[in-house]
Amino acid sequence: MIEARNICKSFGGSMVLDDVSVTFERGKTNLIIGASGSGKTVLMKCLVGLFKIEQGKILYDERIFSAMPSSELKELRREIGMLFQGGALFDSMTVEQNVIFPLSMFTRLSLSDRRDRANFCLQRVNLENVNHMYPAVLSGGMKKRVAIARAISMNPKYLFCDEPNSGLDPQTANVIDRLISEITQEYQMTTVVNTHDMNSVLEIGDKVAFIYKAKLWWEGNKEEILESDNPELKEFVFATELTRRLKQ
Amino acid sequence: MYWLRELGQYLLLVKEIFKKPENQKIYLRQITFEMDKLGLESLGIVAIISVFMGAVLCIQMAFNITHPLIPAYTIGLSVRESVVLEFSPTIISLILAGKVGSRIASEIGTMRVTEQIDALEIMGINPATFLIFPKIAAMVLINPVLIVFSMFLAIGGGWAAGVATGLVSSNTYIYGIQSFFIPFNIFYALIKTVVFAFLIASISGYHGFMTRGGALEVGTASTRGVVYSSIMIIFFNLILTQLLLT
Ligand SMILES: Nc1ncnc2c1ncn2[C@@H]1O[C@H](COP(=O)(O)OP(=O)(O)OP(=O)(O)O)[C@@H](O)[C@H]1O
Ligand SMILES: [Mg+2]
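Not measured: the values here are computed from a predicted model.

Caption draft 1: Focus on the nonpolar core. Counting residues in hydrophobic clusters, the biggest one holds 90 residues, and the most contacted among them are A:Ile7, A:Leu47, A:Tyr60, A:Phe101, A:Phe160 and B:Phe130. No other element matches helix α4 (residues 74-113) of chain B, which puts twelve residues into this core. There are two domains that each give this core at least three residues, and those are domain 1 (1-79 + 160-248) and domain 2 (87-155) of chain A. When residues no more than four places from it in sequence are discounted, the contact partners of A:Ile7 are A:Leu17, A:Asp18, A:Asp19, A:Val20, A:Leu43, A:Cys46, A:Ile53, A:Gln55, A:Gly56, A:Lys57 and A:Ile58.

Pasting the structure below:
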């Protein structure tokens, strides 16, 4: 379980997160939704410590993350897997090397075991025959999938995905959503996913947090979201023809 | 007090770079990889510049030493001294600051703006150590080799130019490069080289690491890496010369 308590973050005087308190539960896929530029990425980066919060507290299963000394932080980070919005693959390494990298760094597995693990992760994201390619020659969606494979290679306890399926076709997007939801239940991970895709919300949203005007505007799950009468949330949810028809 | 803050940040980063590595085996592999990328790939340019500069030095010496009381072997002697004391360690290091420094700063800068450095950090790896330490270690180990190589080629280039133009005979030149040899000068040159190697890798690494923004800023970081490394080389050249030779 990850808890954010009253966190604030601003950039050059403009508040991006204003007193946000939210809990992400273990074994559930927790979604953060909101318009583009609403602060989803900033919230996620605060949660993993890439941005320093100005106020408040962050707890990982009762451990106070926001006040941890750097040695403990390093230990905890081995339990974290993160998919960046832009992929952030190491472009000096091949696909396979990217996925193997955390394993080589922190485990004593033999090379063949590490390879097996990497191939297993790559298969789970439907990637085959790309092991020896460099990220520069992959399509946007393929990069994303490699990045997901890398994020899950160490079997993390906490998984963060920043827009895992943006730039993917609906079918692959769905495969990725299901994968994230499946491994979350299978390994009882605490998973946090940023998205603005209503398909994902309705598919895997065990818990949904809506960010609006730097605040946590609404909280609920995929069933409740269609029934809510919060006007800003309704505007967000029913922005497309598809969801409007669904409502009818 | 802008530069004081920069200096402070630089020193903090250097402290970070020398933290204990997470996995020694991988670091060793990185070091050999960087030795190849940053050292061996510079052999060509070092060779060309050294031979030609040696040749020019020899011809200039021959034209300047025309007084009948100065023996002709002084040409070889003074080529050797200029090459060992200043040309190879300082000028070649400046060339490498341009070639290697821009490479380091843009590589690390690109990793910063594409969030690869954040990705390392999330994995529980210290990015400063992982990215910059192998580069410093590689350069400190390989640059002395490059510089000694450059010394031989420059002195050889001087010989070739002197003999080919008939300004000095082969025997006289060789006699010149062997006379009044002070072994300490080689030591002085190598100390300079090691310090310069450290400066190039750490300063350009610092500018890459501190990049914020996008492609434009990577370009700026690369330029700053080269400019600041060069200035610091010149500055430390003066200090080390004062300390070691007087
Ligand atoms: N490093 C930064 N420096 C200054 N401002 C920033 C920084 N990072 C984000 N911001 C600002 O914070 C706000 C929220 O950005 P964020 O990236 O979190 O949006 P988002 O919800 O992830 O959007 P998207 O769905 O498009 O990815 C934006 O207005 C952005 O300009
Ligand atoms: Mg974002």
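Caption draft 2: Layout of the coordination of the magnesium ion (ligand 2). Residue and element names in this part refer to chain A. Within the protein, the atoms that donate to the magnesium ion (ligand 2) are Thr41 (OG1) and Gln85 (OE1), at distances of 1.9 to 2.2 Å. On the criterion of sequence distance, the pair formed by Thr41 in helix α1 (residues 40-48) and Gln85 in the loop between β6 (80-83) and α3 (95-106) is long-range, its members being 44 residues apart. For Gln85, a relative accessible area of 35% gives the class partly exposed.

Caption draft 3: Region of the structure containing helix α4 (residues 111-124) of chain A. All names here are of chain A. In this model, α4 (14 residues) spans 20 Å end to end at C-alpha, consistent with the 20 Å of a helix rising 1.5 Å per residue. Regarding α4, the residues found buried are Arg114, Arg117, Ala118, Cys121 and Leu122. Looking straight down α4, one finds that the buried residues subtend no more than 135° of arc, so they occupy a single side. For α4, the elements touching its buried residues are α3 and α5 (140-152). At the exit of α4 stands Asn126, carrying a positive phi of roughly 60°.

Caption draft 4: A look at the domain arrangement of chain A. All names here are of chain A. Split into domains, chain A comes out as domain 1 (1-79 + 160-248) and domain 2 (87-155). The centre of domain 1, based on its C-alpha atoms, is set 25 Å off from the matching centre of domain 2. Each side of the interface is counted separately: domain 1 has 15 residues, and domain 2 has eleven residues. Of all residues in domain 1, Arg78, Leu179 and Tyr187 bury the most surface against domain 2, accounting for 38% of the area lost on that side. Counting the contacts that link domain 1 with domain 2 gives two salt bridges. Put simply, Glu186 and Arg124 hold a salt bridge, and the shortest N to O gap is 3.8 Å. Counting across the interface, domain 1 meets domain 2 through three residue pairs in polar contact (both at pLDDT 80 or more). Examining the composition of the side of domain 1 that touches domain 2, we find that seven residues originate from one element, helix α6 (residues 170-186), more than from any other.

Caption draft 5: Fine view of the interface of chain A and chain B. Every contact between the two is made by 21 residues of chain A and, on the other side, 18 residues of chain B. Summing the contributions of chain A and of chain B, the shared interface buries around 1800 Å²; its carbon and sulfur component is 65%. Our count for the chain A to chain B interface comes out at three salt bridges. For the side of chain A that touches chain B, the secondary structure elements donating two or more residues are α1, α2 (70-77), β6 and α3 of chain A.

Caption draft 6: Quick look at helix α9 (residues 215-245) of chain B. Taking 1.5 Å of rise per residue, the 31 residues of α9(B) would be expected to cover 45 Å, and the 44 Å separating its terminal C-alpha atoms lies within 8% of that figure. Where α9(B) is buried, its residues contact α4 and α8 (183-209) of chain B.

Caption draft 7: View of the sheet that holds strand β1 (residues 2-11) of chain A. Residue and element names in this part refer to chain A. Judged by pairing direction, the sheet is antiparallel, and its four strands sit side by side in the order β2-β1-β4-β5 without closing on themselves. Of all strands in the sheet, those bounded by a partner on one side alone are β2 (14-24) and β5 (63-64). Strand direction decides the pairing type here: strand β4 (residues 55-60) and β5, joined by two bridges, are antiparallel. What sits directly across from Leu59, in β5, is Ile64. This element, α1, spans β1, β2 and β4 of the sheet and lies at about 120° to β1.

Caption draft 8: Here's a closer look at the packing of aromatic side chains. In this structure the tally under the stated criterion is 15 aromatic pairs over all chains. Each ring, one from A:Phe210 and one from A:Tyr212, has its centre 6.0 Å from the other, and the planes form 20°; the classification is stacked. Given a relative accessible area of 2%, A:Phe210 falls into the buried group. Ring geometry for B:Phe18 and B:Phe198: centres 6.4 Å apart, planes at 20°, overall stacked. In this pair, B:Phe18 sits in the loop between α1 (2-17) and α2 (24-39) while B:Phe198 sits in helix α8, placing the two residues 180 residues apart along the sequence. Exposure remark for B:Phe18: the relative accessible area of 44% places this residue in the partly exposed category. The ring of A:Phe90 has A:Arg150 sitting right over it, with the charged end atom 4.6 Å from the ring centre. Residue placement shows B:Arg112 over the ring face of B:Phe209; its charged tip is 4.8 Å from the ring centre.

What counts and how
Residues numbered from 1 in each chain as written. Chains lettered and ligands numbered in written order. Predicted model: local features only at pLDDT ≥ 70, side-chain atom pairs only at ≥ 80, totals over all residues. Heavy atoms only, no water. Core = buried A, V, L, I, M, F, W, Y, C linked by side-chain atoms within 4.5 Å. Buried < 20%, exposed > 50% of the residue type's maximum accessible area, 1.4 Å probe, protein only. Helix = DSSP H or I, 4+ residues; strand = E, 2+ residues; numbered from the N terminus. Domains from an automatic or database assignment. Contact = heavy atoms within 4.5 Å. Donors = N, O, S within 2.8 Å, 3.2 Å for Na, K, Ca; no water. Expected span 1.5 Å × (residues − 1). Arc of directions from axis to C-beta. Buried area = accessible area lost by both parts, 1.4 Å probe. Salt bridge = Lys/Arg side-chain N within 4 Å of Asp/Glu carboxyl O. Polar contact = N/O pair within 3.5 Å; in protein donor to acceptor, adjacent residues only side chain to side chain. Pairing = 2+ DSSP bridges. Axes fitted to C-alpha atoms, helices over the stretch in contact; angles between N-to-C directions. Phe/Tyr/Trp six-rings, centres within 6.5 Å; stacked < 30°, edge-to-face > 60°. Lys NZ or Arg CZ within 6 Å of the ring centre and 35° of its normal.

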